Structures are given as structure tokens and as C-alpha cells.
Amino acid sequence: MTTSSFNQDELLQLPAMIDLATAARALGVGRTKAYDLAKSNAFPCPVLRIGTSYRVRTADLLRLVGVDRQPTTFRDDRPEQTERRYADR
């Protein structure tokens, strides 16, 4: 497990894709070092080059730092509706 400067809740709040600087911060790596690693294909998780920017999939970053993203379960708080409303027709 890599040391992160983000806590687990902050990591889980990240969007699906993040910029390289954010990924570096999450790993405790400096921005310049992160770009050097990305340019030499040595960044510790896959980096996508999109135009002139570098992006990292948050799922790859979470896997690297050992954080398991729990699947979101849908909770329906609406009161139960019965079929009676259609029985009167």
C-alpha cells in the first residue's frame, strides 16, 4: 500500500478521471516528479495522454493505494405503492 496525502473519504470522492497532479498528490509524489515519471512511462499506475494533458483513472489509483470502492446500493425511501389504485378502473 502506497502512502497517500488524501484520506480514504477524499479518495472515494474523486471523479472517474483525475489530472496527473491530483494523482501525484494522492500518492505523495511531487508534481514535477510525476510528470517526469509519466513521460518515461514509469508512473505507478496507467496514465492516459489526452491532447497535451495527462489523466489517470481513479479506479487505477484506488487499486494502487489499496482502497476498495464499495458498490453503491440503491436505497428507495419512497413509501410502498400498492396495485389498488389500478383496481378501481
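Shown above is the structure to which this text applies.
Each chain carries its own residue numbering, running from 1 in the written order of its sequence. Only residues with pLDDT of at least 70 are given local features in this predicted model, and only at 80 or more are side-chain atom pairs given and counted; all residues enter the totals for whole chains, interfaces and linings. With hydrogens and water excluded, all non-hydrogen atoms of the structure serve as input to the side-chain values.

Enquirer: Would you take a moment to explain the sheet that holds strand β2 (residues 48–50) for this structure?
Expert: Whenever strands of a sheet pair, they do so through backbone hydrogen bonds, lying parallel or antiparallel. Read from one edge of the open sheet, three strands run β1-β3-β2, paired in antiparallel fashion. The open sheet has two edge strands, β1 (17–19) and β2, and neither has a second partner. Geometrically, the sheet is characterised by an average inter-axis angle of 40° between neighbouring strands, direction not taken into account. Here three bridges tie β2 to strand β3 (residues 53–57), and the two strands are oriented antiparallel to one another. Bridge pairing in β3 links Leu-48 to Arg-55. It only takes one pair of heavy atoms within 4.5 Å for two residues to be counted as in contact. Structural elements are reduced to axes, namely lines fitted to C-alpha atoms, with helices fitted over the stretch in contact, and the angle between N-to-C directions of any two is expressed from 0 to 180 degrees. Under the scheme used here, helices are H or I runs from DSSP no shorter than 4 residues and strands are E runs no shorter than 2 residues, and both carry numbers assigned from the N terminus. Taken strand by strand, helix α2 (residues 20–27) contacts β1 and β3, and its axis lies near 90° from that of β1. Two strands are said to pair when DSSP picks up at least two bridges between them.

Enquirer: Just to check I follow, could you spell out the pairing of β3 for this structure?
Expert: Regular strands show a simple pattern: their side chains alternate between the two faces of the sheet. Per-residue accessibility, obtained with a 1.4 Å probe over protein chains only, is compared with the maximum for each type, and a residue is labelled buried under 20%, exposed over 50%, and partly exposed between these values. On β3, burial follows the alternation: Tyr-54 and Val-56 on one face are buried, whereas Ser-53, Arg-55 and Arg-57 on the facing-out side are not. Pairing of β1 with β3, which is carried by three bridges, proceeds in the antiparallel orientation. Pairing of Ile-18 across the sheet is with Val-56, part of β3. Taking the residues that link successive antiparallel strands as the turn, the β2-β3 hairpin has two residues, and the phi of Gly-51 there is positive, at about 65°.

Enquirer: I'm lost on the packing of aromatic side chains in this one. Help?
Expert: Where two aromatic rings form a pair, the distance of their centres and the angle of their planes describe that pair. Stacked, tilted and edge-to-face are the three classes assigned to paired rings of Phe, Tyr and Trp, where Trp is represented by its six-membered ring and a pair needs centres within 6.5 Å; plane angles under 30 degrees give stacked, over 60 edge-to-face, the rest tilted. Applying the stated criterion to the full structure yields one aromatic pair. Ring plane angle 75° and centroid distance 5.6 Å describe the contact between Tyr-35 and Tyr-54, whose orientation is recorded as edge-to-face. Note that Tyr-35 is positioned in helix α3 (residues 31–39) and Tyr-54 in strand β3, a separation of 19 residues in sequence.

Enquirer: How should I be thinking about the nonpolar core in this particular structure?
Expert: Leu-11, Leu-14, Ile-18, Leu-20, Phe-43, Val-56 and Leu-61 are the most contacted members of the largest nonpolar core, which has 20 residues in total. Every element with two or more residues in this core is listed here: α2, α3, β3 and α4 (58–65). The leading source of residues in this core is α2, at five residues. Non-local contacts of Leu-14, meaning those with residues more than four positions away in its chain, are made with Phe-6, Thr-22, Thr-58, Leu-61 and Arg-69. The nonpolar core is taken to be a set of buried Ala, Val, Leu, Ile, Met, Phe, Trp, Tyr and Cys residues, with the residues joined through side-chain atoms within 4.5 Å.

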